[in-house]
Structures are given as C-alpha cells and as structure tokens.
Amino acid sequence: MPLEELEKQLLSLSPIDRLRIIQSVIQSLIPNITNELSQGAETLNCDANGIHSRDRSPNHPLRSLPLTISPDFDEPMTELWDALEQ
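Residues numbered from 1 in each chain as written. Predicted model: local features only at pLDDT ≥ 70, side-chain atom pairs only at ≥ 80, totals over all residues. Heavy atoms only, no water.

### Here we look at the overall build of the protein chain
Link 1 in the chain: Each helix and strand in the protein chain was counted, giving 3 helices and 2 strands.
Link 2 in the chain: Listed N to C, the secondary structure of the protein chain is α-α-β-β-α in terms of helices and strands.
Link 3 in the chain: Accessible area of the protein chain: about 8,200 Å², with a carbon and sulfur share of 58%. (Helix = DSSP H or I, 4+ residues; strand = E, 2+ residues; numbered from the N terminus. Areas by Shrake-Rupley, 256 points an atom, 1.4 Å probe, with all protein chains shown as cover.)

### Description of the environment of S28
Link 1 in the chain: Tracing the backbone shows S28 in helix α2 (residues 15-39).
Link 2 in the chain: Overall, S28 belongs to the partly exposed group, its relative accessible area being 44%.
Link 3 in the chain: A polar contact of 2.6 Å, which involves the side chain of S28, links it to the backbone oxygen of V25. (Buried < 20%, exposed > 50% of the residue type's maximum accessible area, 1.4 Å probe, protein only. Polar contact = N/O pair within 3.5 Å; in protein donor to acceptor, adjacent residues only side chain to side chain.)

### Let's talk about a nonpolar patch on the surface
Link 1 in the chain: A cluster of nonpolar side chains, L19, I22, I26 and I30, forms an exposed patch at the surface whose accessible area comes to about 360 Å².
Link 2 in the chain: Along the polypeptide, I22 turns up in helix α2. (Patch = residues over 30% accessible without salt bridge, like charges linked within 9 Å, V, L, I, M, F, W, Y side chains within 5 Å. Salt bridge = Lys/Arg side-chain N within 4 Å of Asp/Glu carboxyl O.)

### Some words on the confidence of the model for the protein chain
Link 1 in the chain: In the predicted model, the protein chain carries a mean pLDDT of 75, and the fraction of residues at 70 or more is 67%.
Link 2 in the chain: When pLDDT is averaged over each helix and strand of the protein chain, the minimum, 53, is found for strand β1 (residues 44-46) and the maximum, 89, for helix α1 (residues 3-12). (pLDDT = per-residue confidence, 0-100.)

In structure tokens, the structure reads:
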C-alpha cells in the first residue's frame, strides 16, 4: 500500500482510533529497544527522530545535577533596558 493512501486512511479515522494505532506502533517498538539495551552494557537513548545514541553522561557529570531556576528569571530588567537606550 502506498504511503499516501495509508496516510489518507489514517486521517479519515477518528482521533481516538488514530491514538490507538499510535499506541500499537509504539508498543511494537518497545521490544526492539529492550533487546538493544540487553545486548550492550551501555545505555541507549532515543532522540525525537528515533535515533539511538550512546549515553555520554560519564563524560558529562554535570548532566545529573538538578537545574534550579530563580523565581524571578523572567521578570523585566528595567536597568538593562535603560542602559541600552543610552
């Protein structure tokens, strides 16, 4: 079946049916990921495109530290804008 025809059929389904199909596809991918994890000692990560990459956290120890954002991080800095106007 051509991809265009499949896409057309998927878009004609209700949102709930589309969600069920997405869940089925994701569940079909999960065994593949766990097999890859069991084959190697290193952890594999999936990025947004589904590409696996090796975990580089041993080379980046700061990645495990919690990120703390100040409560006023997005407040306007009027002093900065005044200085830029001059």
